[in-house]
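One-letter residues, chain by chain:
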Amino acid sequence: MHDNEHASHHHEESFIRKYIFSLDHKMIGKQFLIYGLIMFFVGGGLALLFRWQLAYPERPLPIIGASQQYMDEGEVVTGADRMWENIYESEKEEWLEVNMPNGVVEPAFYNMLFTMHATIMVFFVVVPILVGTFGNFLIPLMIGTRDMAFPILNMLSFWLAVLAAIIMAIGFFVPGGHAAAGWTGYAPLSADPQWTGVEWGQNLWAISLLIQGFSSLVGSINYITTIINMRAPGMTFFRLPLVIWSLFIVAILLLLAFPVLSSALALLIFDRLAGTTFFSATAEGGGDPLLWQHLFWFFGHPEVYILILPGMGIASELIAVFSRKPIFGYRSMVYAMIAIAFLGWIVWGHHMFQSGMRPGLGSVFMTTTMLIAVPSAIKTFNWLGTMFRGSIKFTTPMLHGIAFVSMFVIGGLSGIYMANTPVDIFIHDTYYIVAHIHYVVFGGSLFAIFGGIVFWFPKMYGRYMNDVLSKIHFWLTFVAFNCTFFPMHILGVGGHMRRISNPMQYEFLQGFEGMNIFITMSAFTLGFAQLILVFNFFWSIYRGKVAEQNPWQVTTLEWEAPTPVPHGNFGQIPTVYRGPYEYSVPGEENDWIPQAQPEHAPATSGD
Amino acid sequence: MAEMHQRSPLSNARLGILVLLGAETMLFSGLIGTFLVFRVGNVTWPPPSHIGIELPRAVTGINTVLLLLSGYTMFQARRAIQKDQLKQLRNWLLLTGGLGLLFLGVQGSEWIQLIRNGLTLQSGVYGGIFYVLIGCHAVHVLSAVIWLFIVFGMAMAGRFSAEGYVGIDTCTIYWIFVVALWPILYVLVYLF
Amino acid sequence: MLQWLPENVSTFGQSVDSLFYAIYYLTLVVFILVMGTLIVFLIKYRHQEGKRAHYIEGSTTVEIVWTAATTVIVFGLAMLSYPQWNNIKSPTQFPENPDVVVQVSGKQFNWDMTYPGPDNEFGTDDDLELENELHVPINAVVHIRLTSVDVIHSFFVPQLRLKQDSLPNRFINVWFEATKAGRYEIPCAELCGFGHSGMLGYLNVHTQENYNAWVQERWPQ
Ligand code: HEA
Ligand code: HEA
Ligand code: CUA
Ligand SMILES: [Cu+2]
């Protein structure tokens, strides 16, 4: 066979080829991870800014606000203040003055904050990490091939994402401010600057998302082609690990969903820049006020499953590995994911129950939406079934996996309230929705991401992450997360609307001040906990305990590759002999049989 | 490339292009859906303010035939390379590209005429969606033509043979998609 | 958790609340079962030296059972909800012959209320326009014609369990019947620009006499 064919061309690569314009899927995966983590801090920081306003409406922010006031009142000039004075000179002062006069978040700025918070979190954090990082890093390794089908497109995908992020960031500093129509960008509000005063911000938002769409398109073509065409010998579809299945399905969803958003964004840009009236009903010969919502949610609902399916895949790996058991009902897990992906296309109307869509359609969408509980139930119960009679090891990745399951169940069950049309009348556009969002995307996707990072870190960087810090991060995140987002259900039941900058303007919300303060405090704790993660991450890259090739004793192919994984991944492409979850097979010495281990070969020792 | 992969009936490049077409289909679905929302939502179409502006049905009908013809010639080009007939390949490619350019030319002159008649991007959703939808297709034809001429250049340089003609295959797949899409748009926008 | 619900003052509000309660108890039970099982498993099947996991690949019977059970539950829930939803939102199901008809129009950032006046027709001289104040009698069927002059707003009265987006260039009808006199807030529930927070109107539910007096004052005859 082709022994060492690749090992031979082990030429040195320049720094730029290796770390920046790398064609290697592993490096691109890591680049997406760093990118996602940076954007996570931006998006989270914005959330903390507006959380402050929600807890203490019209009160100046600490630090930023205080310095500003000192400036105004000419009090105590400290070193920090002198620093501010310099910023005062530049245009930064104006910027702060416009958006946060005296350190108080302006209502218009508040809208920009949550718009960008959500846009960044959804399009620049969760998708890049779940799909970009895990997709790139895991697909070639787990299906047993040397790289992606189109490495150059792969690199392009990352750099397009960077370009999109830069354009999105510029939006904050253009006159008129950034997009302020929510991450859903509802037209007509977003379609004409006269309604928001936002000029180029909204355009840049749309352009940036168009570019991000290209990046996803290129990425998903790559993933689909690679998974269909480049599996190692013996790696049939039903021997693929579930995380690969989930990434495959998500690539198809991304491929088909994003172009719909692109078409909507293109129409929006025409409305804003070329004088068309697709979305504004008030104009002469005008368009349809609900058109945008249909287009957006036709993309948007598949998008939320893009945010969760890879998380489900990762959780399945973690739970099987650390229960030392095969996945319960492997095939039904696959079919359930396909069913979720399929049903995801016919439920978009559940975001529009109160939008003025025909009530009859509401009933149809309620039915299809509720049906999604069925494949979700299959997945949930199968995870429980996987733990049943297992031998559960409480490693940090496993803790994240368990947290994923339990938080997803809470988020999913709150989805049932909203899917129910009469109940949705009351809770639509309240904090009940915000609670749901965060239980599924933070409690779901992010816990899976954290678990995945800790789990695959030894393969990525050849070292363990510090376990004590990881555990502290997990527990702090878990507790603070629930303290932040669980009370939001109660706010929602109380009728607390979302997207309002000052709840104290409403009499019926007066009783919620204390709860809002509590939520904000918890959110800051939650933010603090993420600092631990990032510190641990970078520290461990250089200082972590060196890891062996297969530290968790996993069966799948990525652990067959040497650590650190060389260019070309495998010395010789492995041949696959069995399914991905052969744990605790009776009569075997080890409690795991690698996928690449030939039949009847004597079992090799685990470590 | 001599890796032991599962034998696949389609090479990566061909599969990649087919996958791309999935995305293209959804892009046009979004625009066609928008068109239908306006078309079905308006009792009179074109809306009363546009009565008197006629879309050039007949000319476009002929243009449609031209484009369909180019699909045939593209197919012939592929047949030619399969038989290793390089000269025929070049001729068929040239003919295809010419038909594509002709299509664009006719479309362009139609647009100029329509704009003179007062149908512009700004004239309500009728003009808006007409130009955006048809324009989106035109951009696709244009990129297909450019791609075709690149392939033509490669053919001149003798880069294809009966053993290796992936470049022609991928271009053919894309070309056929662009061609096959057009009659749908023609029927919807001009006749429906 | 549901004691946080604002007091219900509309006739159909009860049906929304009971569905809310039904789902609450349903999901509570599901939640407790799932979490209970999870915790029991985590304790019982934790890793112990010398004990190996059992090799179980799945069980078709069990899969069929829980698939079927979930399907039945969600369909049942949907069945329960259709009539309630139609009762609240389907114009064909509205109680006929409303006692009061008002047009409510959202605009950045106010609610404009238009009363048709004694002739019961909009667009005539005796129309009455009020900013942010809606007056209706108690125990009377009120029809609201919702529209908007600029962007999308959403008419929300928490105590009525009523929420409906208002769209530019469209008229959407909703109805309610208030059962308790008082002054209730009408926040806007759809993001509509920088003034969205604080876009606030008031619904005044009067007793019949007070309402008559109010009408008398506006349209003296
Ligand atoms: C990862 C993201 C994600 C996921 C997975 C989901 C999953 C679901 N979502 Fe969610 N949703 C969002 C992200 C997500 N959502 C976001 C971001 C929004 C807000 C957008 C915006 O307006 O800004 C939203 C909004 C949203 C709405 C609109 C609300 C409104 O604006 O009024 C609705 C309404 O139906 C809904 C429903 C559901 C349902 C039914 C599921 C189901 O898939 C859940 C299924 C899971 C379970 C049900 C739990 C497990 C099952 C069992 C334990 C079995 C037993 C269960 C029963 C018998 C019921 N979602
Ligand atoms: C993908 C997902 C995602 C994630 C991970 C989050 C994470 C968080 N979200 Fe977000 N959120 C959304 C998606 C997400 N959100 C969406 C889709 C909406 C709807 C938006 C809309 O209505 O259009 C929303 C809306 C939303 C609202 C409602 C706003 C409103 O309607 O008015 C709130 C309110 O509390 C909120 C809070 C938070 C908090 C506290 C976190 C925390 O988890 C964040 C954790 C904190 C950090 C990671 C920060 C770490 C950084 C530092 C410690 C540095 C400190 C720096 C500074 C203070 C400058 N979010
Ligand atoms: Cu009007 Cu929000
Ligand atoms: Cu949805």
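Here the structure is a predicted model, which is why all the values come from computation and not from measurement.

A. Here's a closer look at the overall build of chain C. Check the secondary structure of chain C and you find three helices and ten strands. Taken from the N to the C terminus, the helices and strands of chain C come in the order α-α-β-β-β-β-β-β-β-β-β-β-α. The globule rule puts the C-alpha radius of gyration for 221 residues at 17 Å, and the 25 Å found for chain C is more than 25% above it. In terms of principal-axis extent, the alpha carbons of chain C reach across some 95 × 40 × 30 Å.

B. Expanded view of the coordination of the iron atom of ligand 1. Exactly one donor from the protein chain reaches the iron atom of ligand 1: A:His436 (NE2), at 2.1 Å. Between the iron atom of ligand 1 and the copper ion (ligand 4), a separation of 4.5 Å is found.

C. Highlighting the sheet that holds strand β10 (residues 200–206) of chain C. All names here are of chain C. Read across the open sheet, the three strands follow the order β4-β10-β9; overall the sheet is mixed. The open sheet is flanked by β4 (133–137) and β9 (182–187), the only strands paired with a single partner. Each strand axis lies, on average, 25° off the axis of its neighbour in the sheet, ignoring direction. Examined bridge by bridge, β4 and β10 share five bridges and lie parallel to one another. Considered in β10, the bridge of Pro 137 is made with His 206. Relative to β4, helix α3 (residues 208–218) is tilted by about 125°, and along the sheet it contacts β4 and β10.

D. The pattern of salt bridges, seen in detail. All names here are of chain B. Tallied over the entire structure, the rule returns 15 salt bridges over all chains. Put simply, Arg 14 and Asp 169 hold a salt bridge, and the shortest N to O gap is 2.4 Å. Of this pair, Arg 14 sits in helix α1 (residues 12–41) while Asp 169 is found in helix α5 (residues 166–191), placing the two residues 155 residues apart along the sequence. One network of salt bridges, with partners in common, ties together Arg 14, Arg 78 and Asp 169.

E. Fine view of the interface of chain C and chain A. Contacts between the two partners involve 82 residues from chain C and, on the opposite side, 99 residues from chain A. Our count for the chain C to chain A interface comes out at two salt bridges. Put simply, C:Glu190 and A:Arg499 hold a salt bridge, and the shortest N to O gap is 3.9 Å. Between the two partners, chain C and chain A, sit 32 residue pairs in polar contact (both at pLDDT 80 or more). Only α1 (13–44), α2 (60–89), β7 (162–166) and β9 of chain C provide two or more residues apiece to the side of chain C that touches chain A. Tallied by class, the residues present in the side of chain C that touches chain A amount to 47 nonpolar, 22 polar and 13 charged.

F. Broad picture of the coordination of the iron atom of ligand 2. Residue and element names in this part refer to chain A. Taken together, His 117 (NE2) and His 438 (NE2) make up the full set of protein donors to the iron atom of ligand 2, lying 1.9 to 2.0 Å away. Because the angles between the six donor atoms bound to the iron atom of ligand 2 fall within 85 to 178°, the donor set is best described as octahedral. Residue His 117 is found in helix α7 (residues 107–143), and its partner His 438 is found in helix α18 (residues 431–461); the two are separated by 321 residues along the sequence. Note on His 438: relative accessible area 15%, which makes it buried.

G. Examining the site of ligand 2 more closely. Residue and element names in this part refer to chain A. Near ligand 2 there are 31 residues, and of these Arg 51, Tyr 110, His 117, His 438 and Arg 499 occur at the shortest range. Tyr 431 has a polar side-chain atom sitting 3.4 Å from an oxygen atom of ligand 2. Looking at the shell around ligand 2, the elements with two or more residues in it are α3 (25–55), α7, α18, α19 (467–493) and α20 (513–543). Residues that form the shell around ligand 2 fall into these classes: 21 nonpolar, seven polar and three charged.

H. Spatial organisation of the interface of chain A and chain B. If you look at the interface, chain A gives 43 residues, while chain B gives 30 residues. At the boundary of chain A with chain B, the tally comes to zero salt bridges. In this structure, the connection of chain A to chain B is made through three residue pairs in polar contact (both at pLDDT 80 or more). Only α1 (5–8), α10 (200–229), α11 (242–273) and α12 (291–323) of chain A provide two or more residues apiece to the side of chain A that touches chain B. Ranked by residues supplied to the side of chain A that touches chain B, first place goes to α11(A) with eight residues. Split into classes, the residues belonging to the side of chain A that touches chain B amount to 24 nonpolar, 14 polar and five charged.

I. Quick peek at the site of ligand 1. Close to ligand 1 lie 32 residues, the nearest being A:Tyr305, A:Asp424, A:His428, A:His436 and A:Arg498. Here an oxygen atom of ligand 1 sits 2.8 Å away from a polar atom, N or O, in the side chain of A:Trp183. Here an oxygen atom of ligand 1 sits 2.6 Å away from a polar atom, N or O, in the side chain of A:Tyr305. For the shell around ligand 1, the secondary structure elements donating two or more residues are α12, α15 (373–387), α16 (396–419) and α18 of chain A together with α2 of chain C. Here the shell around ligand 1 takes seven residues from α16(A), the largest share from any one element. Here the residues of the shell around ligand 1 sort into 20 nonpolar, ten polar and two charged.

J. How the structure looks around the sheet that holds strand β5 (residues 141–148) of chain C. Residue and element names in this part refer to chain C. The strand order β3-β2-β1-β5-β8 describes an open sheet built from five strands, whose pairing is mixed. In the strand order of this sheet, the two ends are held by β3 (128–131) and β8 (172–177), each with one partner. Taken pair by pair, the neighbouring strands of this sheet meet at an average axis angle of 25°, ignoring direction. Packed onto the sheet, α3 meets β1 (100–107), β2 (110–115) and β3 and runs at close to 115° relative to β3.

K. Spatial organisation of unusual backbone geometry. For the bond running from A:Thr563 to A:Pro564, omega is -10°, close enough to zero to count as cis. Looking at the secondary structure, you find A:Pro564 in the segment after α20. Residue C:Gln108 is joined to C:Phe109 through a cis peptide bond whose omega torsion reads -5°. Along the chain, the position of C:Phe109 falls in the loop between β1 and β2. Phi is positive for A:Arg324, close to 55°, though the residue is something other than glycine. Here A:Arg324 is to be found in the loop between α12 and α13 (330–343). Despite not being glycine, C:Asn169 has its phi angle at roughly 65°, a positive value. By the element assignment, C:Asn169 lies in the loop between β7 and β8. Judged by its relative accessible area of 57%, C:Asn169 is exposed.

What counts and how
- Residues numbered from 1 in each chain as written.
- Chains lettered and ligands numbered in written order.
- Predicted model: local features only at pLDDT ≥ 70, side-chain atom pairs only at ≥ 80, totals over all residues.
- Heavy atoms only, no water.
- Helix = DSSP H or I, 4+ residues; strand = E, 2+ residues; numbered from the N terminus.
- Rg over C-alpha atoms; globule rule 2.2 N^0.38 Å.
- Donors = N, O, S within 2.8 Å, 3.2 Å for Na, K, Ca; no water.
- Pairing = 2+ DSSP bridges.
- Axes fitted to C-alpha atoms, helices over the stretch in contact; angles between N-to-C directions.
- Contact = heavy atoms within 4.5 Å.
- Salt bridge = Lys/Arg side-chain N within 4 Å of Asp/Glu carboxyl O.
- Polar contact = N/O pair within 3.5 Å; in protein donor to acceptor, adjacent residues only side chain to side chain.
- Nonpolar A, V, L, I, M, F, W, Y, C, P; charged D, E, K, R; others polar.
- Tetrahedral: all angles 85-135°; square planar, octahedral: opposite > 155°, others 65-115°.
- Buried < 20%, exposed > 50% of the residue type's maximum accessible area, 1.4 Å probe, protein only.
- Near = heavy atom within 4 Å.

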